[in-house]
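So you can see what is in the structure, the chains are spelled out below.
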Amino acid sequence: MAVTPRGTTPVPPDARPRLTVLSGPSGVGKSTVVAHMRKEHPEVWLSVSATTRKPRPGEQHGVHYFFVTDEEMDKLIANGELLEWAEFAGNRYGTPRTAVLEHLEAGVPVLLEIDLQGARQVRESMPEGRLVFLAPPSWEELVRRLTGRGTEPPEVIERRLRAAKVELAAESEFDETLVNTSVEDVARELLALMDVV
Ligand SMILES: Nc1ncnc2c1ncn2[C@@H]1O[C@H](COP(=O)(O)OP(=O)(O)OP(=O)(O)O)[C@@H](O)[C@H]1O
Ligand SMILES: Nc1nc2c(ncn2[C@@H]2O[C@H](COP(=O)(O)O)[C@@H](O)[C@H]2O)c(=O)[nH]1
C-alpha cells in the first residue's frame with residue numbers, strides 16, 4: 001500500500017494529475033512565476049530540492065531548499081534518495097524522490113523547478129511528466145534579470161550565462177514553451193497546462 005500524505009485519499013492512476021517540470025535559464029523568472037502561482041493556488045505542491053549551494057539572504061532550510069554539505073549530498077545520491085540530480089554552476093542540486101512519489105500517489109499536482117540536466121533525467125524515468133520551458137523575452141532581458149537580482153558575483157553570473165546558452169539551445173526538447181514577459185500571464189498559462197484551472 002502506497003504511503004500518502006496525511007489526510008489525503010489515493011485516486012485511481014488515470015485520474016492523477018501529471019507531474020510538471022519547469023526549467024529555463026537561470027534568472028528567467030522560474031521562482032518568481034511559481035511563487036506568484038502558488039499564492040493563488042497553494043494546492044500545487046512544489047518539490048523542495050537539496051543543494052550544496054550556500055543559502056542566499058532570506059532563504060530558509062526546508063522551505064526554499066534543504067541546504068546540505070557535500071558529504072550529505074554524496075549520501076543522498078549513493079542511497080538512491082534523489083529522483084534526479086545535477087551539478088549546476090559549481091553546486092549540486094537534487095530532487096528528493098519519496099516526497100514526489102507520495103504527492104503524485106495522493107493525486108496532488110506536483111511541480112519540479114529544476115535545470116535542463118534534471119529535466120532530461122525526469123523525461124527518462126517518468127516519461128508521463130510534462131516538461132515546460134520558461135524562456136526570456138530576449139537574451140538582453142535575461143542578462144538584465146540575472147544581474148539585477150544581485151545574488152551572485154560577476155564570475156558566477158558568467159558561469160550561469162554560459163549554462164543559459166546551452167539551456168536555450170535545448171528548448172525543442174520540451175513539451176511546451178512559455179515566454180516570461182509577464183509574471184501574471186505565465187503563472188496563469190502554467191496553471192492551465194497543469195490542469196489546475
Ligand atoms: N516577467 C518578469 N519581468 C521582469 N522581471 C522579472 C520577471 N520575472 C522575474 N523577474 C525578475 O528576474 C529576476 C530573476 O527571477 P528568479 O529569481 O525568479 O529567476 P529563476 O529563473 O528562478 O533563477 P534561478 O534559476 O537562478 O534560480 C528576479 O529579480 C525577478 O524579480
Ligand atoms: N537538476 C536540478 N536542478 C535544480 C534543482 N533545484 C534547483 N535547480 C536548478 O538549479 C539552478 C540554480 O538554482 P539557484 O537556486 O541556485 O539559482 C536553477 O536552474 C534551478 O532550477 C534540483 O533539484 N535538480
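For the structure itself, consult the block above.
Residue numbering note: each chain is counted from 1, following its sequence as written. In the order they appear in the text, chains get letters beginning with A and ligands get numbers beginning with 1. Restriction of local features to residues with pLDDT of at least 70 applies here, the model being predicted, together with a cutoff of 80 or more for giving and counting side-chain atom pairs; totals for whole chains, interfaces and linings are based on all residues. Calculation of side-chain values draws on the structure's entire complement of heavy atoms; hydrogens and water are dropped beforehand.

A.B. asks: An account of the pairing of strand E1 (residues 19-23) is needed here, citing residue identities and associated values.
C.D. replies: E1 sits mainly inside the fold: five of its five residues count as buried. Note on classification: 1.4 Å probe, protein chains only; a residue is buried when its accessible area is under 20% of the maximum for its type, exposed when over 50%, partly exposed between these limits. Runs of E in the DSSP output that reach at least two residues are strands. Runs of H or I that reach at least four are helices, and both are numbered from the N terminus. Neither face of E1 is left uncovered, since the one carrying Leu19, Val21 and Ser23 and the one carrying Thr20 and Leu22 both have all their residues buried. Criterion used throughout: strands pair if DSSP finds at least two bridges between them. Relative to strand E7 (residues 110-113), E1 runs parallel, the two sharing four bridges. Each bridged residue has a counterpart across the sheet, and for Leu19 the counterpart in E7 is Val110.

A.B. asks: Go over the site of ligand 1 with me, naming the residues and quoting the values.
C.D. replies: If you check the shell around ligand 1, you find 15 residues, and the closest are Ser26, Lys30, Ser31, Thr32 and Arg149. Whenever two N or O atoms come within 3.5 Å, that pair is a polar contact, provided that in protein one can donate a hydrogen and the other can accept it, and provided that, for residues adjacent in sequence, both atoms are side-chain atoms. The separation between an oxygen atom of ligand 1 and a polar side-chain atom of Arg149 is 2.8 Å. Arg160 places a polar side-chain atom, nitrogen or oxygen, 3.0 Å from an oxygen atom of ligand 1. The protein chains hide 75% of the 640 Å² of surface that ligand 1 would expose on its own. A pocket, in this scheme, is an open set of points on a 1 Å grid over the protein atoms alone with protein on both sides within 12 Å along at least 5 of 7 lines, while a cavity is a set where a 1.4 Å probe fits but cannot get out; residues line either one if an atom lies within 4 Å of a point. Grid points define the cavity or pocket, and a molecule sits in it when more than half of its atoms lie within 2 Å of them. Placement of ligand 1 is best described as lying within the largest pocket. Of all the elements in the fold, those that place two or more residues in the shell around ligand 1 are helix H1 (30-40) and helix H5 (139-149). Think of it as three bins: nonpolar holds Ala, Val, Leu, Ile, Met, Phe, Trp, Tyr, Cys and Pro, charged holds Asp, Glu, Lys and Arg, and polar takes everything else, Gly as well. Classifying every residue of the shell around ligand 1 gives three nonpolar, seven polar and five charged. Residues are counted as near a molecule or strand when any one of their heavy atoms sits within 4 Å of it. Only the protein chains shown count as cover for residues, and the accessible areas themselves come from Shrake-Rupley with a 1.4 Å probe.

A.B. asks: Could you give me a rundown of the site of ligand 2, with the residues and numbers involved?
C.D. replies: Ligand 2 sits among 16 residues. The nearest are Ser49, Arg53, Tyr65, Glu84 and Tyr93. At 2.6 Å from an oxygen atom of ligand 2 is found a side-chain nitrogen or oxygen belonging to Arg53. Here an oxygen atom of ligand 2 sits 3.5 Å away from a polar atom, N or O, in the main chain of Glu113. Alone, ligand 2 offers 510 Å² of accessible surface; in the complex the protein occludes 95% of this. Taking a 2 Å distance to the grid points as the criterion, the majority of the atoms of ligand 2 fall inside the largest pocket. When contributions to the shell around ligand 2 are tallied by element, the ones reaching two or more residues are strand E5 (82-88) and strand E6 (91-96). Here the shell around ligand 2 is composed, by residue class, of five nonpolar, four polar and seven charged.

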